[in-house]
Amino acid sequence: MSVRPYRDIQRRKSRQIRVGNVLVGGDAPISVQTMTNTLTTDIAGTVAQVNAAAAAGADIVRVSCPDEESTKALKEIVKQVSVPIVADIHFHYKRGIEAAEAGAACLRINPGNIGSADRVREVVKAAKDHGCSMRIGVNAGSLERELLERYGEPCPEAMVESGLNHARILEDHDFREFKISVKASDVFLAVAAYQGLADACDYPLHIGITEAGGTRIGTVKSSIGLGSLLWAGIGDTVRVSLSADPVEEVKVGFDILKSLNLRHRGVNIISCPSCARQNFDVIKTVEALEKRVAHITTAMSVSIIGCVVNGPGEARETDIGFTGGGNNTHMVYIAGNQHHRLKDQDIVEHMAELIEQKAAAIEEAKKAEAAE
């Protein structure tokens, strides 16, 4: 037990699979995914979007393959990107075979909607032959008719049953390199379905609130749903589904993980909402600083507080702190201790330079430790 047990999250024990060079499940870090929204046949556009997502921190990116032209393009896309690509496959089993041959690291399928047992067997063989894993993707909006008729509506029990039924299809073909998702746009339904699935199997779980909406409401819904699951130790890889740029999905996914102390990447800025006590413009300063240090991937914490009520206390818990003071004279903290005063200078640029210096020192220490 840690010195702060109230922060401890006990992750569900799951088996581990591989998506390209990314491990999913077991004790592997919780990975962050997104999906391109370009036409897959637009190779240059899709590659640019994959690379932008990877630069933002995406570990895995999914690409839709609705037709043969898309799987042909996939072969070229895979050559030009650095992250594993998941091919999104629906209905036509040949697309799954083609995607595996094209270099996809994982196939997202519903074994039940790609045809007969023979067709499933062919897709599984292609996955085995080319080192692909799979994701069984159950969605409340496309549950099997038999389950809807039996349960009357999409419900947690129906979604769990669907996922386990699909899992058995793959298991019957001696294939166990897969993860499962049971997504819904309804937060209550999705969370309950994942809780049931987590209790029913040990496969790694890909978690998400599907069709969550635009950036603001989608972030809120995803934070509630994914936060609830991750806090309970459920989830091995996450995708935030927003009607927005895929880069925004990656950012929100990492912010959720950072908030729960499950992954750390980049600068975590702790800042006050500001009030009449502020001694500088907190909101504009934080907005500008976030953009200025967006290129930094080194994990560190920075506090930006407008006055001395909470500023010194927050600074004690962060790598670098900044607290507003009277007469335009502010205090900079390093490692929780008062370090120097700042008066009549550009706060954003001053703090950015300190952050960059700290990041360089952290990375240098990592290299030295690795060399020992």
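The present account deals with the structure reproduced in this document.

Focus: the sheet that holds strand β5 (residues 85-88)
Phase 1: Strands sit in the order β8-β7-β6-β5-β4-β3-β10-β9 across an open sheet of eight strands; the sheet is parallel. Pairing within the sheet leaves two strands with one partner each, and these edge strands are β8 (178-183) and β9 (206-207).
Phase 2: Bridge analysis of strand β6 (residues 106-109) against strand β7 (residues 133-139) gives four bridges, and the strand direction is parallel. Counterpart to leucine 107 in the pairing with β7 is methionine 134.
Phase 3: Against the sheet, helix α6 (residues 156-172) touches β7 and β8, its axis set at about 155° to β7.
Phase 4: Along the sheet, helix α7 (residues 187-200) makes contact with β8 and β9, crossing β8 at roughly 145°.

Some thoughts on the layout of surface pockets
Phase 1: Counted as a void, the largest pocket has a volume near 1,300 Å³.
Phase 2: In this structure, the largest pocket is lined by 41 residues; those nearest its centre are Asp255, Lys258, Arg265, Val267 and Asn268.
Phase 3: If you list the elements that add at least two residues to the lining of the largest pocket, you get α1 (43-56), α8 (215-231), α9 (246-259), β11 (267-271), α10 (282-292) and β12 (300-305).
Phase 4: The element that contributes the greatest number of residues to the lining of the largest pocket is α9, accounting for nine residues.
Phase 5: A breakdown of the residues in the lining of the largest pocket according to their chemical character gives 18 nonpolar, 11 polar and 12 charged.
Phase 6: Roughly 190 Å³ of volume is contained in the second largest pocket.
Phase 7: In terms of lining residues, the second largest pocket is bounded by 13 residues, among which Arg62, Arg108, Asn139, Thr210 and Arg239 are the most central.
Phase 8: Class assignment for the residues of the lining of the second largest pocket results in one nonpolar, five polar and seven charged.

What about a nonpolar patch on the surface?
Phase 1: Judged by side-chain polarity, Ile217, Val220 and Ile224 come together as a nonpolar surface patch covering roughly 240 Å² of accessible area.
Phase 2: Within the element layout of this structure, isoleucine 224 appears in helix α8.
Phase 3: With a relative accessible area of 47%, isoleucine 224 lands in the partly exposed category.

As for helix α4 (residues 117-129)
Phase 1: Its 13 residues give α4 an end-to-end C-alpha distance of 18 Å, which sits within 8% of 18 Å, the value for a rise of 1.5 Å per residue.
Phase 2: If you check which residues of α4 are buried, you get Val120, Val123, Val124, Ala126 and Ala127. All buried residues of α4 lie within an arc of 160° about the axis, which places them on one face of the element. Of the exposed residues in α4, those oriented more than 90 degrees away from the buried face are Lys125 and Asp129.
Phase 3: Those residues of α4 that are buried are in contact with α3 (93-102), β6, β7 and α6.
Phase 4: Immediately downstream of α4, the backbone of glycine 131 shows phi near 70°, a positive value.

Observations concerning the packing of aromatic side chains
Phase 1: Evaluation of the coordinates by the stated rule reveals two aromatic pairs.
Phase 2: Taking 5.2 Å as the distance between ring centres and 75° as the angle between the ring planes, the aromatic pair formed by phenylalanine 280 and phenylalanine 322 counts as edge-to-face. Taken together, the residues span a long stretch of sequence, with phenylalanine 280 in the loop between β11 and α10 and phenylalanine 322 in strand β13 (residues 320-323) at a distance of 42 residues.
Phase 3: Assessed through its relative accessible area of 9%, phenylalanine 280 is described here as buried.
Phase 4: Given a relative accessible area of 0%, phenylalanine 322 falls into the buried group.
Phase 5: For arginine 265, the ring lying beneath its charged end belongs to phenylalanine 254, and the centroid distance is 5.9 Å.

Regarding the pattern of salt bridges
Charged atoms that come close allow side chains of opposite charge to pair.
Phase 1: Overall, the coordinates contain 20 salt bridges when judged by the stated rule.
Phase 2: The partner of lysine 258 in a salt bridge is aspartate 255, with the nearest N and O atoms 3.7 Å apart. On the criterion of helical spacing, the pair formed by lysine 258 and aspartate 255 is a turn pair, its members being three residues apart in helix α9.
Phase 3: Here lysine 258 falls in the buried class, since its relative accessible area comes to 16%.
Phase 4: Of the residues examined, aspartate 255 reaches a relative accessible area of 41% and is grouped as partly exposed.
Phase 5: Across the pair lysine 366 and glutamate 363 runs a salt bridge whose closest N-O atoms are separated by 3.5 Å. On the criterion of helical spacing, the pair formed by lysine 366 and glutamate 363 is a turn pair, its members being three residues apart in helix α12 (residues 347-371).
Phase 6: Note on lysine 366: relative accessible area 46%, which makes it partly exposed.
Phase 7: According to the relative accessible area criterion, glutamate 363 is partly exposed, its value standing at 29%.

What about the nonpolar core?
Phase 1: Counting residues in each nonpolar core, the largest one holds 80 residues, and the members touching the most others are Leu74, Leu107, Met134, Met159, Phe178, Ile180 and Leu230.
Phase 2: The greatest single-element share of this core, amounting to eight residues, is contributed by α7.
Phase 3: Residues contacting isoleucine 180, with those up to four places away along its chain left out, are Ile136, Gly163, Ala167, Leu197, Cys201, Tyr203, Pro204, Leu205 and His206.
Phase 4: Residues Ile296, Ile320, Ile347 and Val348 belong to the second largest nonpolar core, which totals 23 residues.

Analysis parameters
- Residues numbered from 1 in each chain as written.
- Predicted model: local features only at pLDDT ≥ 70, side-chain atom pairs only at ≥ 80, totals over all residues.
- Heavy atoms only, no water.
- Pairing = 2+ DSSP bridges.
- Helix = DSSP H or I, 4+ residues; strand = E, 2+ residues; numbered from the N terminus.
- Contact = heavy atoms within 4.5 Å.
- Axes fitted to C-alpha atoms, helices over the stretch in contact; angles between N-to-C directions.
- 1 Å grid on protein atoms, 1.4 Å probe; cavity = no way out; pocket = protein on both sides within 12 Å on 5 of 7 lines; lining within 4 Å.
- Points joined across faces, edges and corners; volume = space filled by probe spheres on them.
- Nonpolar A, V, L, I, M, F, W, Y, C, P; charged D, E, K, R; others polar.
- Patch = residues over 30% accessible without salt bridge, like charges linked within 9 Å, V, L, I, M, F, W, Y side chains within 5 Å.
- Areas by Shrake-Rupley, 256 points an atom, 1.4 Å probe, with all protein chains shown as cover.
- Salt bridge = Lys/Arg side-chain N within 4 Å of Asp/Glu carboxyl O.
- Buried < 20%, exposed > 50% of the residue type's maximum accessible area, 1.4 Å probe, protein only.
- Expected span 1.5 Å × (residues − 1).
- Arc of directions from axis to C-beta.
- Phe/Tyr/Trp six-rings, centres within 6.5 Å; stacked < 30°, edge-to-face > 60°.
- Lys NZ or Arg CZ within 6 Å of the ring centre and 35° of its normal.
- Core = buried A, V, L, I, M, F, W, Y, C linked by side-chain atoms within 4.5 Å.

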